[in-house]
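Understanding the architecture of this molecule
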Amino acid sequence: MPVKSPCTGVCVLDTKTGYCAGCFRTGDEIGSWMGLSDGSKKRILAQINKRRAQQKQSEKQPPVTTQPQ
């Protein structure tokens, strides 16, 4: 069974992370998706899951503030 694209239709690359805000792929991953083997696509999907988990973790942590001098 072919590996489906993780595209969510929210196609905006985050300049800070380099990942799409919708699917968490890089621009290169998005551009090459159609020509990749199923194995390569599965590896990217595994990386996407890690990226999403990291994003959720960073959202849970309070922002770092500096003390006024």
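Residues numbered from 1 in each chain as written. Predicted model: local features only at pLDDT ≥ 70, side-chain atom pairs only at ≥ 80, totals over all residues. Heavy atoms only, no water.

Describing the overall build of the chain
Looking only at helices and strands, the chain features 2 helices and 0 strands. Its C-alpha radius of gyration of 15 Å places the chain more than 25% over the 11 Å reference for a compact globule of 69 residues. Seen along its three principal axes, the alpha-carbon backbone of the chain occupies a region of about 60 × 20 × 15 Å. In the chain, which comprises 69 residues, the proportion classed as buried is 20%. Long-range contacts, defined as pairs at least 24 residues apart, comprise 38% of the intrachain contacts of the chain with a sequence gap of at least 6. Element-wise, carbon and sulfur atoms account for 55% of the exposed surface of the chain, whose accessible area totals about 5,600 Å². (Helix = DSSP H or I, 4+ residues; strand = E, 2+ residues; numbered from the N terminus. Rg over C-alpha atoms; globule rule 2.2 N^0.38 Å. Buried < 20%, exposed > 50% of the residue type's maximum accessible area, 1.4 Å probe, protein only. Contact = heavy atoms within 4.5 Å. Areas by Shrake-Rupley, 256 points an atom, 1.4 Å probe, with all protein chains shown as cover.)

Overview of the pattern of salt bridges
Scanning the entire structure with this criterion turns up 1 salt bridge. When the shortest N-O distance is used, the salt bridge between Glu-29 and Arg-51 registers 2.9 Å. Of the two residues, Glu-29 sits in helix H1 (residues 27-32) while Arg-51 sits in helix H2 (residues 38-60), which places them 22 residues apart along the sequence. When its relative accessible area of 10% is taken as the criterion, Glu-29 is described as buried. Arg-51 gets classed as buried once you look at its relative accessible area, which sits at 10%. (Salt bridge = Lys/Arg side-chain N within 4 Å of Asp/Glu carboxyl O.)

What to know about the nonpolar core
The tendency in soluble globular proteins is for nonpolar side chains to be buried side by side. Residues Val-3, Phe-24, Trp-33, Ile-44 and Ile-48 constitute the largest nonpolar core, which totals 5 residues. With residues up to four places along the chain from it excluded, the contact list for Val-3 reads Trp-33, Asp-38, Lys-41, Lys-42 and Leu-45. (Core = buried A, V, L, I, M, F, W, Y, C linked by side-chain atoms within 4.5 Å.)

Topic: the environment of Ser-37
On the secondary structure map, Ser-37 appears in the loop between H1 and H2. Since its relative accessible area comes to 40%, Ser-37 is described here as partly exposed. For the pair Ser-37 and Arg-51, spaced 14 residues apart in sequence, the C-alpha to C-alpha distance is 21 Å.

A few points about unusual backbone geometry
Backbone geometry places Phe-24, a non-glycine residue, at a positive phi of 65°. Among the structural elements, Phe-24 can be located in the segment before H1.

Considerations on the environment of Leu-13
Tracing the chain through its elements places Leu-13 in the segment before H1. Accessibility expressed as a relative area gives 46% for Leu-13, which makes it partly exposed. Along the chain, Leu-13 and Gln-61 lie 48 residues apart, while their C-alpha atoms are 23 Å from each other.

Remember, this is a structural readout, not a statement about activity or role.
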